[in-house]
Amino acid sequence: MKKYLFFALLLWTFVGQAAIKLPPFIGDNMVLQRDRPSTIWGNAASGEKITVSFINKTFSTIADNKGKWRLQLPPSKAGGPFTMTIKGRNSSVVLKDILVGDVWICAGGASMLLQTKEDSTSREEPAGANYSNIRLFGTGTGKKWIYCDSQSAGSFSGTAFFFARNLHLKLNIPIGMIQSETLDIAEIAELYNVSVKGIIWNDNPLNDFTPKPEILLPQRIQDYRANFKQIDLPFLFVEATDPSARELQKSVLAFKNTDRINAIDLAPNNTREIGRRLAALAKRRVYNLPTFAHGPQFDSFELRGKSVRIHFSNTGTGLKTNDKKNPTNFTIAGSDGHFHPAIAEIIDENTIEVFSPAVTTPAAVRYAWEKHPHGLNLVNSLNLPAYPFKTDNWKN
(Lines give C-alpha, C1' and ligand atoms only; values in the text may rest on other atoms or scores of the structure.)
Protein backbone atom coordinates (compact mmCIF):
# COMPACT_ATOMS: atom_id res chain seq x y z
CA MET A 1 0.00 0.00 0.00
CA LYS A 2 2.83 2.35 0.95
CA LYS A 3 4.49 1.49 -2.37
CA TYR A 4 1.42 2.59 -4.33
CA LEU A 5 1.08 5.76 -2.28
CA PHE A 6 4.74 6.57 -2.99
CA PHE A 7 4.29 6.22 -6.75
CA ALA A 8 1.03 8.19 -6.67
CA LEU A 9 2.75 10.98 -4.76
CA LEU A 10 5.68 10.88 -7.20
CA LEU A 11 3.31 11.10 -10.21
CA TRP A 12 1.36 13.96 -8.63
CA THR A 13 4.60 15.82 -7.97
CA PHE A 14 5.76 15.32 -11.60
CA VAL A 15 2.44 16.41 -13.10
CA GLY A 16 2.08 19.31 -10.73
CA GLN A 17 5.45 20.67 -11.76
CA ALA A 18 5.06 20.18 -15.52
CA ALA A 19 6.54 23.14 -17.36
CA ILE A 20 4.40 25.31 -19.57
CA LYS A 21 4.97 24.46 -23.23
CA LEU A 22 4.07 26.81 -26.06
CA PRO A 23 3.74 26.20 -29.81
CA PRO A 24 6.25 27.88 -32.15
CA PHE A 25 3.74 30.57 -33.14
CA ILE A 26 3.58 31.83 -29.54
CA GLY A 27 6.98 33.30 -28.73
CA ASP A 28 9.27 36.30 -28.51
CA ASN A 29 8.96 38.84 -31.34
CA MET A 30 5.55 37.56 -32.47
CA VAL A 31 2.92 39.75 -34.12
CA LEU A 32 -0.71 39.49 -32.99
CA GLN A 33 -3.53 40.52 -35.30
CA ARG A 34 -4.95 43.92 -34.39
CA ASP A 35 -8.67 44.50 -33.87
CA ARG A 36 -9.43 40.78 -33.54
CA PRO A 37 -9.36 38.39 -30.56
CA SER A 38 -6.02 36.56 -30.25
CA THR A 39 -5.84 32.92 -29.17
CA ILE A 40 -3.01 31.91 -26.85
CA TRP A 41 -2.57 28.17 -26.30
CA GLY A 42 -0.17 25.55 -25.03
CA ASN A 43 0.36 22.60 -22.72
CA ALA A 44 0.75 22.27 -18.95
CA ALA A 45 -0.20 19.80 -16.22
CA SER A 46 -3.72 18.41 -16.29
CA GLY A 47 -6.04 20.66 -14.28
CA GLU A 48 -3.39 23.37 -13.89
CA LYS A 49 -4.55 26.98 -13.72
CA ILE A 50 -2.90 29.16 -16.37
CA THR A 51 -2.87 32.95 -16.27
CA VAL A 52 -1.85 35.22 -19.13
CA SER A 53 -1.01 38.88 -18.51
CA PHE A 54 -0.87 41.21 -21.50
CA ILE A 55 -1.22 45.00 -21.85
CA ASN A 56 -2.20 45.52 -18.19
CA LYS A 57 -4.90 42.81 -18.20
CA THR A 58 -4.85 39.25 -16.84
CA PHE A 59 -6.84 36.26 -18.10
CA SER A 60 -7.00 32.68 -16.85
CA THR A 61 -8.07 29.18 -17.85
CA ILE A 62 -7.65 25.57 -16.71
CA ALA A 63 -5.70 22.91 -18.63
CA ASP A 64 -7.87 19.95 -19.66
CA ASN A 65 -7.25 16.32 -18.76
CA LYS A 66 -4.66 16.07 -21.53
CA GLY A 67 -2.87 19.17 -20.33
CA LYS A 68 -4.03 21.32 -23.22
CA TRP A 69 -5.18 24.88 -22.58
CA ARG A 70 -6.21 27.90 -24.58
CA LEU A 71 -7.73 31.30 -24.00
CA GLN A 72 -8.63 34.35 -26.01
CA LEU A 73 -7.31 37.85 -25.52
CA PRO A 74 -9.62 40.71 -26.48
CA PRO A 75 -8.85 42.80 -29.57
CA SER A 76 -6.01 45.34 -29.30
CA LYS A 77 -4.98 48.31 -31.39
CA ALA A 78 -1.76 48.32 -33.38
CA GLY A 79 1.29 49.04 -31.28
CA GLY A 80 4.09 47.64 -29.17
CA PRO A 81 6.51 46.35 -28.19
CA PHE A 82 4.70 44.58 -25.35
CA THR A 83 5.52 41.84 -22.86
CA MET A 84 3.34 38.79 -22.15
CA THR A 85 3.64 36.72 -18.98
CA ILE A 86 2.20 33.19 -18.86
CA LYS A 87 2.10 31.58 -15.40
CA GLY A 88 1.26 28.11 -14.17
CA ARG A 89 1.42 26.51 -10.74
CA ASN A 90 5.20 26.20 -10.59
CA SER A 91 6.51 27.71 -13.80
CA SER A 92 6.18 30.85 -15.89
CA VAL A 93 7.20 32.13 -19.30
CA VAL A 94 7.87 35.75 -20.21
CA LEU A 95 7.53 36.63 -23.90
CA LYS A 96 9.20 39.83 -25.00
CA ASP A 97 9.02 42.32 -27.84
CA ILE A 98 5.48 41.46 -28.98
CA LEU A 99 3.83 43.67 -31.59
CA VAL A 100 0.19 44.11 -32.54
CA GLY A 101 -0.45 44.81 -36.20
CA ASP A 102 -1.56 42.89 -39.29
CA VAL A 103 -0.64 39.26 -39.86
CA TRP A 104 -0.62 37.85 -43.39
CA ILE A 105 -0.09 34.28 -44.55
CA CYS A 106 1.90 33.68 -47.71
CA ALA A 107 1.34 30.29 -49.31
CA GLY A 108 1.33 28.46 -52.62
CA GLY A 109 4.02 26.64 -54.52
CA ALA A 110 7.53 27.04 -55.84
CA SER A 111 7.09 30.68 -56.86
CA MET A 112 6.15 31.70 -53.32
CA LEU A 113 9.18 29.84 -51.96
CA LEU A 114 11.64 31.88 -54.03
CA GLN A 115 13.83 33.77 -51.58
CA THR A 116 14.43 37.51 -51.52
CA LYS A 117 18.09 37.00 -52.40
CA GLU A 118 16.96 35.20 -55.57
CA ASP A 119 15.02 38.23 -56.85
CA SER A 120 15.98 38.87 -60.45
CA THR A 121 15.87 42.66 -60.20
CA SER A 122 17.77 43.44 -57.01
CA ARG A 123 19.83 40.74 -55.33
CA GLU A 124 21.48 43.33 -53.10
CA GLU A 125 18.09 44.25 -51.58
CA PRO A 126 18.44 42.16 -48.36
CA ALA A 127 21.55 44.16 -47.34
CA GLY A 128 19.38 47.17 -46.54
CA ALA A 129 16.34 45.30 -45.24
CA ASN A 130 16.29 46.50 -41.63
CA TYR A 131 12.67 46.83 -40.58
CA SER A 132 12.17 46.12 -36.88
CA ASN A 133 8.37 46.31 -37.19
CA ILE A 134 8.25 43.63 -39.87
CA ARG A 135 8.45 40.15 -38.37
CA LEU A 136 8.82 36.85 -40.21
CA PHE A 137 7.83 33.30 -39.31
CA GLY A 138 8.18 30.09 -41.27
CA THR A 139 10.52 28.63 -43.85
CA GLY A 140 13.94 30.19 -43.37
CA THR A 141 13.31 31.41 -39.81
CA GLY A 142 13.82 28.19 -37.85
CA LYS A 143 10.10 28.07 -37.02
CA LYS A 144 10.27 31.12 -34.77
CA TRP A 145 9.40 34.79 -35.07
CA ILE A 146 12.37 36.89 -36.15
CA TYR A 147 13.07 40.51 -37.06
CA CYS A 148 13.23 41.40 -40.71
CA ASP A 149 16.85 42.45 -41.12
CA SER A 150 19.71 42.17 -43.59
CA GLN A 151 20.38 38.56 -42.60
CA SER A 152 16.86 37.16 -42.29
CA ALA A 153 15.19 38.85 -45.26
CA GLY A 154 17.42 37.16 -47.81
CA SER A 155 16.25 33.65 -46.92
CA PHE A 156 12.55 34.51 -46.61
CA SER A 157 9.97 34.44 -49.39
CA GLY A 158 10.79 37.34 -51.72
CA THR A 159 7.13 37.91 -52.55
CA ALA A 160 6.25 38.02 -48.84
CA PHE A 161 9.11 40.40 -47.99
CA PHE A 162 8.31 42.93 -50.72
CA PHE A 163 4.58 42.64 -49.93
CA ALA A 164 5.21 43.31 -46.22
CA ARG A 165 7.59 46.19 -46.85
CA ASN A 166 5.13 47.96 -49.14
CA LEU A 167 2.30 47.60 -46.61
CA HIS A 168 4.42 48.62 -43.62
CA LEU A 169 5.76 51.78 -45.27
CA LYS A 170 2.25 52.81 -46.34
CA LEU A 171 0.25 51.87 -43.23
CA ASN A 172 2.96 52.55 -40.62
CA ILE A 173 1.90 49.57 -38.50
CA PRO A 174 3.67 46.30 -37.61
CA ILE A 175 3.35 43.56 -40.23
CA GLY A 176 3.79 39.87 -39.50
CA MET A 177 4.31 37.40 -42.36
CA ILE A 178 3.80 33.66 -41.86
CA GLN A 179 5.22 31.57 -44.66
CA SER A 180 3.24 28.35 -44.78
CA GLU A 181 4.18 25.21 -46.65
CA THR A 182 0.84 23.83 -47.74
CA LEU A 183 1.83 20.15 -47.34
CA ASP A 184 2.93 20.59 -43.70
CA ILE A 185 -0.34 19.26 -42.17
CA ALA A 186 0.68 19.63 -38.51
CA GLU A 187 1.77 23.21 -39.02
CA ILE A 188 -1.43 24.09 -40.87
CA ALA A 189 -3.56 22.64 -38.05
CA GLU A 190 -1.72 24.82 -35.51
CA LEU A 191 -1.88 27.79 -37.85
CA TYR A 192 -5.68 27.83 -37.73
CA ASN A 193 -5.50 29.05 -34.11
CA VAL A 194 -3.90 32.31 -35.27
CA SER A 195 -5.95 35.39 -36.13
CA VAL A 196 -4.85 36.79 -39.48
CA LYS A 197 -5.62 39.69 -41.81
CA GLY A 198 -5.54 37.71 -45.04
CA ILE A 199 -3.73 35.31 -47.36
CA ILE A 200 -1.55 35.92 -50.40
CA TRP A 201 -1.11 33.00 -52.77
CA ASN A 202 1.17 32.21 -55.70
CA ASP A 203 1.51 28.70 -57.10
CA ASN A 204 2.65 29.47 -60.61
CA PRO A 205 5.34 27.01 -61.75
CA LEU A 206 8.89 28.28 -62.18
CA ASN A 207 9.22 26.45 -65.49
CA ASP A 208 7.56 23.76 -67.59
CA PHE A 209 9.11 21.03 -65.43
CA THR A 210 7.44 22.04 -62.17
CA PRO A 211 3.83 21.06 -61.35
CA LYS A 212 0.93 22.98 -62.84
CA PRO A 213 -0.95 25.48 -60.66
CA GLU A 214 -3.52 24.43 -58.09
CA ILE A 215 -6.83 23.73 -59.82
CA LEU A 216 -8.85 23.18 -56.65
CA LEU A 217 -8.49 26.81 -55.59
CA PRO A 218 -12.22 27.32 -54.83
CA GLN A 219 -12.20 24.47 -52.32
CA ARG A 220 -8.91 25.64 -50.81
CA ILE A 221 -10.28 29.15 -50.22
CA GLN A 222 -13.42 27.75 -48.60
CA ASP A 223 -11.32 25.47 -46.39
CA TYR A 224 -9.09 28.33 -45.26
CA ARG A 225 -12.09 30.47 -44.37
CA ALA A 226 -13.86 27.68 -42.53
CA ASN A 227 -10.79 26.68 -40.52
CA PHE A 228 -9.82 30.25 -39.64
CA LYS A 229 -13.50 30.92 -38.82
CA GLN A 230 -13.46 34.04 -41.00
CA ILE A 231 -16.06 33.67 -43.75
CA ASP A 232 -14.77 36.70 -45.64
CA LEU A 233 -11.03 36.22 -45.05
CA PRO A 234 -9.24 38.14 -47.86
CA PHE A 235 -7.56 35.86 -50.39
CA LEU A 236 -5.32 37.57 -52.94
CA PHE A 237 -3.56 35.50 -55.57
CA VAL A 238 -1.33 35.71 -58.60
CA GLU A 239 -3.25 34.79 -61.72
CA ALA A 240 -2.07 31.59 -63.39
CA THR A 241 0.18 31.89 -66.41
CA ASP A 242 -1.20 28.62 -67.80
CA PRO A 243 -4.38 29.36 -69.85
CA SER A 244 -6.29 26.28 -68.68
CA ALA A 245 -5.54 27.02 -65.01
CA ARG A 246 -6.45 30.67 -65.58
CA GLU A 247 -9.89 29.63 -66.77
CA LEU A 248 -10.41 27.44 -63.71
CA GLN A 249 -9.45 30.34 -61.43
CA LYS A 250 -12.21 32.53 -62.83
CA SER A 251 -14.82 30.98 -60.57
CA VAL A 252 -13.20 32.25 -57.37
CA LEU A 253 -13.47 35.87 -58.43
CA ALA A 254 -17.15 35.70 -57.47
CA PHE A 255 -16.12 35.03 -53.86
CA LYS A 256 -16.20 38.00 -51.53
CA ASN A 257 -12.79 39.53 -50.73
CA THR A 258 -11.07 37.47 -53.41
CA ASP A 259 -9.02 39.05 -56.20
CA ARG A 260 -5.89 38.53 -58.25
CA ILE A 261 -3.00 40.36 -59.83
CA ASN A 262 -1.67 39.89 -63.33
CA ALA A 263 2.00 38.90 -63.53
CA ILE A 264 2.09 37.42 -67.01
CA ASP A 265 4.62 40.05 -68.07
CA LEU A 266 7.03 39.15 -65.25
CA ALA A 267 9.64 36.47 -64.74
CA PRO A 268 8.73 34.19 -61.80
CA ASN A 269 11.76 35.42 -59.86
CA ASN A 270 10.80 39.09 -60.14
CA THR A 271 9.47 38.84 -56.60
CA ARG A 272 9.90 42.58 -56.01
CA GLU A 273 7.22 43.51 -58.55
CA ILE A 274 4.97 40.55 -57.73
CA GLY A 275 5.05 41.54 -54.05
CA ARG A 276 4.47 45.20 -54.91
CA ARG A 277 1.43 44.37 -57.05
CA LEU A 278 -0.04 42.13 -54.34
CA ALA A 279 0.49 44.92 -51.82
CA ALA A 280 -1.28 47.38 -54.14
CA LEU A 281 -4.17 44.93 -54.41
CA ALA A 282 -4.33 44.62 -50.62
CA LYS A 283 -4.30 48.40 -50.21
CA ARG A 284 -7.27 48.69 -52.55
CA ARG A 285 -9.35 45.62 -51.67
CA VAL A 286 -8.57 45.13 -47.98
CA TYR A 287 -7.57 48.59 -46.73
CA ASN A 288 -9.84 50.61 -49.05
CA LEU A 289 -7.07 52.95 -50.11
CA PRO A 290 -7.25 54.83 -53.45
CA THR A 291 -4.64 52.72 -55.25
CA PHE A 292 -4.51 51.29 -58.76
CA ALA A 293 -3.99 47.54 -58.56
CA HIS A 294 -5.25 46.28 -61.93
CA GLY A 295 -4.19 46.68 -65.50
CA PRO A 296 -6.71 46.86 -68.36
CA GLN A 297 -9.36 44.14 -68.17
CA PHE A 298 -11.67 42.87 -70.88
CA ASP A 299 -15.15 44.32 -70.48
CA SER A 300 -17.11 43.66 -73.69
CA PHE A 301 -16.77 43.33 -77.45
CA GLU A 302 -18.61 44.34 -80.62
CA LEU A 303 -18.56 42.53 -83.95
CA ARG A 304 -18.27 45.23 -86.60
CA GLY A 305 -18.12 43.57 -90.01
CA LYS A 306 -14.48 42.66 -90.67
CA SER A 307 -13.26 43.88 -87.28
CA VAL A 308 -13.96 43.47 -83.59
CA ARG A 309 -13.94 46.27 -81.04
CA ILE A 310 -12.75 45.34 -77.56
CA HIS A 311 -13.77 47.55 -74.64
CA PHE A 312 -11.67 47.60 -71.47
CA SER A 313 -12.06 48.68 -67.85
CA ASN A 314 -9.27 49.78 -65.46
CA THR A 315 -7.55 51.88 -68.11
CA GLY A 316 -6.75 54.83 -65.83
CA THR A 317 -6.63 57.87 -68.08
CA GLY A 318 -6.34 55.67 -71.14
CA LEU A 319 -4.89 52.64 -72.89
CA LYS A 320 -1.37 52.82 -74.28
CA THR A 321 1.57 50.63 -75.19
CA ASN A 322 4.86 50.71 -73.35
CA ASP A 323 6.85 50.85 -76.58
CA LYS A 324 4.61 53.31 -78.48
CA LYS A 325 3.83 50.66 -81.11
CA ASN A 326 0.53 48.98 -81.89
CA PRO A 327 -0.67 46.43 -79.29
CA THR A 328 0.70 42.94 -79.82
CA ASN A 329 -0.36 39.36 -79.01
CA PHE A 330 -3.93 39.62 -80.32
CA THR A 331 -5.38 36.78 -82.38
CA ILE A 332 -8.69 36.60 -84.22
CA ALA A 333 -10.84 33.78 -85.56
CA GLY A 334 -13.92 33.19 -87.64
CA SER A 335 -16.58 30.63 -86.85
CA ASP A 336 -14.17 27.88 -87.92
CA GLY A 337 -12.25 28.45 -84.66
CA HIS A 338 -8.90 28.88 -86.39
CA PHE A 339 -7.01 31.80 -84.86
CA HIS A 340 -4.74 34.11 -86.87
CA PRO A 341 -2.35 36.86 -85.74
CA ALA A 342 -4.29 40.11 -85.65
CA ILE A 343 -3.64 43.77 -86.15
CA ALA A 344 -4.75 45.82 -83.15
CA GLU A 345 -5.18 49.59 -82.91
CA ILE A 346 -6.10 51.78 -79.95
CA ILE A 347 -9.02 53.95 -81.09
CA ASP A 348 -9.89 55.66 -77.81
CA GLU A 349 -8.92 55.53 -74.12
CA ASN A 350 -10.93 52.33 -73.47
CA THR A 351 -11.20 50.61 -76.87
CA ILE A 352 -9.06 48.60 -79.26
CA GLU A 353 -10.07 47.56 -82.77
CA VAL A 354 -8.82 44.15 -83.94
CA PHE A 355 -8.81 42.72 -87.47
CA SER A 356 -6.91 40.45 -89.86
CA PRO A 357 -6.88 40.11 -93.66
CA ALA A 358 -7.11 36.35 -93.09
CA VAL A 359 -10.49 36.59 -91.30
CA THR A 360 -13.32 38.28 -93.20
CA THR A 361 -16.09 37.49 -90.71
CA PRO A 362 -14.66 37.55 -87.17
CA ALA A 363 -16.30 35.60 -84.37
CA ALA A 364 -13.76 35.71 -81.51
CA VAL A 365 -10.66 37.48 -80.26
CA ARG A 366 -7.99 36.34 -77.81
CA TYR A 367 -5.21 38.29 -76.12
CA ALA A 368 -2.00 36.71 -74.79
CA TRP A 369 -3.84 33.39 -74.60
CA GLU A 370 -0.77 31.19 -74.40
CA LYS A 371 1.57 29.87 -71.74
CA HIS A 372 4.58 32.11 -72.32
CA PRO A 373 3.61 35.16 -74.40
CA HIS A 374 6.47 37.43 -75.41
CA GLY A 375 6.58 41.10 -76.26
CA LEU A 376 3.46 42.11 -74.36
CA ASN A 377 3.09 45.88 -74.58
CA LEU A 378 -0.54 46.80 -73.77
CA VAL A 379 -0.80 48.73 -70.47
CA ASN A 380 -2.92 51.37 -68.80
CA SER A 381 -1.82 54.87 -67.85
CA LEU A 382 -0.21 53.46 -64.68
CA ASN A 383 1.87 51.05 -66.79
CA LEU A 384 0.07 48.01 -65.40
CA PRO A 385 -0.24 45.23 -68.01
CA ALA A 386 -3.49 44.10 -69.60
CA TYR A 387 -4.95 40.82 -68.40
CA PRO A 388 -5.06 37.92 -70.88
CA PHE A 389 -8.58 37.17 -72.09
CA LYS A 390 -10.68 35.47 -74.71
CA THR A 391 -14.13 36.44 -75.97
CA ASP A 392 -15.14 32.87 -76.83
CA ASN A 393 -16.08 29.81 -74.81
CA TRP A 394 -14.51 27.34 -77.20
CA LYS A 395 -12.65 24.47 -75.60
CA ASN A 396 -9.74 24.53 -78.01
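Being a predicted model, the structure only gives us computed values, none of them experimental. (Residues numbered from 1 in each chain as written. Predicted model: local features only at pLDDT ≥ 70, side-chain atom pairs only at ≥ 80, totals over all residues. Heavy atoms only, no water.)

Things to note about the environment of Lys-87
(1) Moving on: Its location among the elements puts Lys-87 in strand β6 (residues 79-87).
(2) Moving on: When its relative accessible area of 45% is taken as the criterion, Lys-87 is described as partly exposed.
(3) Moving on: When the C-alpha positions of Lys-87 and Ile-20 are compared, they lie 7.9 Å apart, and in sequence the two are 67 residues distant.
(4) Moving on: Once residues lying within four places of it in the same chain are set aside, the contact partners of Lys-87 are Ile-20, Lys-49, Ile-50, Thr-51 and Ser-92. (Helix = DSSP H or I, 4+ residues; strand = E, 2+ residues; numbered from the N terminus. Buried < 20%, exposed > 50% of the residue type's maximum accessible area, 1.4 Å probe, protein only. Contact = heavy atoms within 4.5 Å.)

Quick look at the packing of aromatic side chains
(1) Moving on: All told, the structure shown has 18 aromatic pairs when counted by the stated rule.
(2) Moving on: Centroid distance Tyr-192 to Phe-228: 5.0 Å. Interplanar angle 85 degrees. Geometry classified as edge-to-face. Here Tyr-192 is found in the loop between α4 (185-191) and β11 (198-202), whereas its partner Phe-228 is found in helix α5 (residues 217-228), with 36 residues between them in sequence.
(3) Moving on: Since its relative accessible area comes to 22%, Tyr-192 is described here as partly exposed.
(4) Moving on: For Phe-228, a relative accessible area of 6% corresponds to the buried category.
(5) Moving on: Consider the rings of Phe-235 and Phe-237, whose centres lie 6.4 Å apart with planes at 50 degrees: the pair is tilted. Of the two residues examined, Phe-235 and Phe-237, each falls in the buried class.
(6) Moving on: Through successive ring pairs, a cluster of aromatic residues spans Tyr-192, Trp-201, Tyr-224, Phe-228, Phe-235 and Phe-237.
(7) Moving on: We note Arg-135 situated over the ring of Tyr-147; from NZ or CZ to the ring centre the distance is 4.3 Å.
(8) Moving on: In this structure, Arg-246 is placed above the aromatic ring of Trp-369, and the distance from its NZ or CZ to the ring centre is 4.7 Å. (Phe/Tyr/Trp six-rings, centres within 6.5 Å; stacked < 30°, edge-to-face > 60°. Lys NZ or Arg CZ within 6 Å of the ring centre and 35° of its normal.)

So, the pairing of strand β12 (residues 235-238)
In regular strands, side chains alternate between the two faces of the sheet.
(1) Moving on: By the alternation rule, side chains of β12 split into Phe-235 and Phe-237 and Leu-236 and Val-238, which are all buried.
(2) Moving on: Relative to β12, β11 runs parallel, the two being bridged by 3 bridges. Looking across to β12, one finds that Ile-199 is bridged to Phe-235.
(3) Moving on: The pairing of β12 with strand β13 (residues 258-261) spans 4 bridges and is classified as parallel. Across the sheet, Leu-236 pairs through a bridge with Asp-259, a residue of β13.
(4) Moving on: Since β12 and β13 lie parallel, the crossover through helix α6 (residues 243-249) that links them has a hand, and here it is right-handed. (Pairing = 2+ DSSP bridges. Right-handed = clockwise from strand over helix to strand, strands pointing away.)

Here's the deal with the confidence of the model for the protein chain
(1) Moving on: Averaged over every residue, the pLDDT of the protein chain is 90; the share at 70 or more is 89%.
(2) Moving on: A low-confidence stretch, residues 4-16 (pLDDT under 50), is modelled with 5 contacts involving residues beyond four sequence positions or located in other chains. (pLDDT = per-residue confidence, 0-100.)

Examining the nonpolar core
(1) Moving on: Core analysis: the largest hydrophobic core is formed by 42 residues, its most contacted members being Met-30, Ile-40, Trp-69, Met-84, Ile-86 and Ile-178.
(2) Moving on: The greatest single-element share of this core, amounting to 7 residues, is contributed by strand β7 (residues 92-108).
(3) Moving on: Look past the residues within four positions of Met-30 in its chain and what remains in contact with it is Phe-25, Ile-40, Met-84, Leu-95, Asp-97, Ile-98, Leu-99 and Trp-145.
(4) Moving on: Cys-106, Ile-146, Leu-278 and Ala-280 belong to the second-largest nonpolar core, a separate cluster that totals 35 residues. (Core = buried A, V, L, I, M, F, W, Y, C linked by side-chain atoms within 4.5 Å.)

Re the pattern of salt bridges
(1) Moving on: In total, this model carries 15 salt bridges according to the counting rule given.
(2) Moving on: Of the charged contacts in the structure, one is a salt bridge between Arg-277 and Glu-273, with a shortest N-O distance of 2.8 Å. With Arg-277 and Glu-273 both in helix α7 (residues 271-285) and 4 residues apart, the pair spans about one turn of that helix. An identical accessibility class is assigned to Arg-277 and Glu-273; each is buried.
(3) Moving on: With a shortest N-O distance of 4.0 Å, Asp-392 and Lys-390 are connected by a salt bridge. With respect to class, Asp-392 is no different from Lys-390; both count as buried.
(4) Moving on: A network of salt bridges, in which partner residues are shared, links Glu-239, Asp-259, Arg-260 and Arg-285. (Salt bridge = Lys/Arg side-chain N within 4 Å of Asp/Glu carboxyl O.)

Topic: helix α3 (residues 158-171)
Within an α-helix, residues lying three or four positions from one another point in the same direction, as the helix has 3.6 residues per turn.
(1) Moving on: Over its 14 residues, α3 runs 20 Å from end to end, which matches the ideal 20 Å to within 8%, given 1.5 Å per residue.
(2) Moving on: A large share of α3 lies buried, amounting to 10 of its 14 residues.
(3) Moving on: Within the sequence span of α3, burial applies to Gly-158, Thr-159, Ala-160, Phe-161, Phe-162, Phe-163, Ala-164, Arg-165, Leu-167 and His-168. (Expected span 1.5 Å × (residues − 1).)

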